[in-house]
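The lines below spell out each chain.
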Amino acid sequence: MKLSVLGCGRWGTFLASYHCAKNEVLLWGRPGSRGLAQLRAERRNEYQTLPDSLLLRDDLAAALAFGPVVVISISAQQLRQLAAQIQQFDVKGKTFILCMKGIEVATGKRLTQVFREEVTQPVNVAVWVGPGHVQDFSAGVPNCMVVDSDDRATTDFIVDNLSSDLIRLYKGRDLIGTEVGAAAKNVIGIAAGMLDGAGYTSLKGALMARGAREIARLIRAMGGNELSAYGLCHLGDYQATLFSSHSHNRQFGESFIKGEPFDRLAEGASTVQALVRLGEEYKVDLPICQTVNDLLYNGLSANEVIPRLFSRSVKGEFDY
């Protein structure tokens, strides 16, 4: 199968290399991209060396015409702009896989909603999310991830054709829960880093328990299955996001509390604004998300608001 990957960051580059094992793959980067320039010059980045068969291009038309499957791995907040560009080309019948996690800040919409608003041609759209870091996968450490779509046949096609011993794919059946859970785990990751930075690492267990309940309530209010919060898209991704030294979101939270600079992408920093908005819209109490948002954007101090991370614990543990 021919497959193209849009986005040459650490995850997009890994996915392109991963898919080369069974498929013909083209990796696209924006014209002028420093990451693409490095890959062209050295055939490697800080995480891995590219397979000889992997094609590198900065021509979006060529990338979209390459094959029937297009993987997208870019910053969540840039998806609408890229999708609008994609709409200018004939992509009818193609399958787009969004290997990214987030909720659009400006609208509070899930990424499949954003994509379908811009790409109005008849296409298949799915998300591929769950635990796993490029560093671990590149070292041969396996993990499990989940694929979900509003079309069951699309989910089945992706899982049946793109799963491997390195990445075992499961079939999700709750697109709302899968997308919201995957996006929200990055916010919980930032909260975990904040606990690390404040010297409260021992509270991460409580954070995991309360975080999953918080997001389960939101998923249910939005019309999804609250059990998705306890699956691979969210709770199943906690180890990789709340504890791993490779987690950008955890590192960002710790650096923020310590007042240290952090220059890597941490999707949760944007997503938390969207989640607070959704909490207000659906009338769901989100104390952890609100606390992270207050620390990042409202100028409150850690000593003032971190105790609020567990404000619901004075109630029954599973009270709504």
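Here the structure is shown first, and the text comes after it.
Residues numbered from 1 in each chain as written. Predicted model: local features only at pLDDT ≥ 70, side-chain atom pairs only at ≥ 80, totals over all residues. Heavy atoms only, no water.

A short note on the side chain of Glu104
Formally: To qualify as a helix, a DSSP run of H or I must reach at least 4 residues; to qualify as a strand, a run of E must reach at least 2; elements of each kind are numbered from the N terminus. Think of a polar contact as two N or O atoms within 3.5 Å of one another; within protein, one of them needs to be a possible hydrogen donor and the other a possible acceptor, and neighboring residues in sequence only count if both atoms come from side chains. Contacts are residue-level and defined by heavy atoms, with any inter-residue pair within 4.5 Å sufficient.
Looking at the secondary structure, you find Glu104 in the loop between β5 (95–98) and α5 (111–118). At 2.6 Å, the side chain of Glu104 and the side chain of Thr107 are in polar contact. Leaving out residues up to four positions away in the same chain, Glu104 has contacts with Gln77, Arg80, Lys109, Val114 and Ala274.

Considering the pairing of strand β2 (residues 24–28)
Note the threshold: The buried label goes to any residue with under 20% of its type's maximum accessible area, the exposed label to any with over 50%, and the partly exposed label to all in between, with areas taken from a 1.4 Å probe on protein chains only. At least two bridges found by DSSP between two strands is the condition for calling them paired. By the criterion used throughout, a crossover qualifies as right-handed when its path from the first strand across the helix to the second strand runs clockwise, the strands pointing away from the viewer.
The buried fraction of β2 is high, at 4 of 5 residues. Across 5 bridges, the pairing between strand β1 (residues 2–6) and β2 is parallel. Pairing of Lys2 across the sheet is with Glu24, part of β2. Regarding topology, helix α1 (residues 10–19) serves as the crossover connection from β1 to the parallel β2, and that connection is right-handed. Pairing of β2 with strand β3 (residues 55–57), which is carried by 3 bridges, proceeds in the parallel orientation. Its bridge partner lying in β3, Leu26 is registered against Leu55. Between the parallel elements β2 and β3, the chain passes through helix α2 (residues 34–42) in a crossover that is right-handed.

Some details on the nonpolar core
Convention followed: Side-chain atoms within 4.5 Å are what join buried Ala, Val, Leu, Ile, Met, Phe, Trp, Tyr and Cys residues into a set we call a nonpolar core.
Among the nonpolar cores identified, the biggest contains 39 residues, and Leu207, Leu218, Leu275, Cys289, Val292 and Leu296 are the most heavily contacted of them. If you list the elements that add at least two residues to this core, you get α8 (175–198), α9 (204–221), α10 (238–243), α12 (268–282), α13 (287–297) and α14 (302–305). Per element, the largest residue contribution to this core is 10 residues, and it comes from α8. Those residues in contact with Leu218 that lie beyond four places of it in its chain are Val180, Leu275, Leu278, Gly279, Val284 and Leu286. Listed in part, the 32 residues of the second largest apolar core include Val5, Trp11, Leu36 and Leu54.

Observations concerning a nonpolar patch on the surface
Counted only if it meets this: Exposure above 30% relative accessible area and no salt bridge define the residues that can form patches, which grow by joining like charges within 9 Å and nonpolar side chains of Val, Leu, Ile, Met, Phe, Trp and Tyr within 5 Å. Residue-level accessible areas treat just the shown protein chains as cover; the underlying method is Shrake-Rupley with a 1.4 Å probe. Think of a salt bridge as a Lys or Arg side-chain nitrogen and an Asp or Glu carboxyl oxygen that are within 4 Å of each other.
Judged by side-chain polarity, Leu227, Tyr230 and Leu235 come together as a nonpolar surface patch covering roughly 270 Å² of accessible area. If you trace the backbone, Leu227 turns up in the loop between α9 and α10.

Side note on the packing of aromatic side chains
Worth spelling out the cut-off: Any two of the Phe, Tyr and Trp rings considered here, Trp counted by its six-membered ring, make a pair once their centres fall within 6.5 Å; the pair's planes then place it as stacked at under 30 degrees, edge-to-face at over 60, or tilted in between. Any Lys NZ or Arg CZ found within 6 Å of a ring centre and within 35 degrees of that ring's normal is scored as a charge over the ring.
Taken as a whole and assessed by the stated rule, the structure comprises 8 aromatic pairs. Centroid distance Trp11 to Phe14: 5.4 Å. Interplanar angle 25 degrees. Geometry classified as stacked. Residue Trp11 and its partner Phe14 are located together in helix α1, separated by 3 residues, close to a single helical turn. Comparing Trp11 with Phe14 shows no difference in burial state: the two are buried. Within the aromatic cluster, the residues linked to one another by ring pairs are Trp11, Phe14, Tyr18, Trp128 and Phe137. Note that Lys2 overlies the ring of Phe66, its terminal NZ or CZ placed 5.2 Å from the centroid.

Here we look at the sheet that holds strand β7 (residues 143–149)
Two modes of strand pairing occur in sheets, parallel and antiparallel, and in both the strands are linked by backbone hydrogen bonds. Put simply, the test is: To get an axis, fit a line to the C-alpha atoms, keeping to the stretch in contact for a helix; angles then go from 0 to 180 degrees between the N-to-C directions.
If you walk across this open sheet you meet the 8 strands as β3-β2-β1-β4-β5-β6-β7-β8, and the pairing is mixed. Strands at the two margins of the open sheet, each flanked by one partner only, are β3 and β8 (167–171). Each strand axis lies, on average, 25 degrees off the axis of its neighbour in the sheet, ignoring direction. Summarising the sheet, strand β6 (residues 124–129) and β7 pair through 4 bridges and their orientation is antiparallel. In the strand pairing of β7, Ala126 is matched with Ser149.

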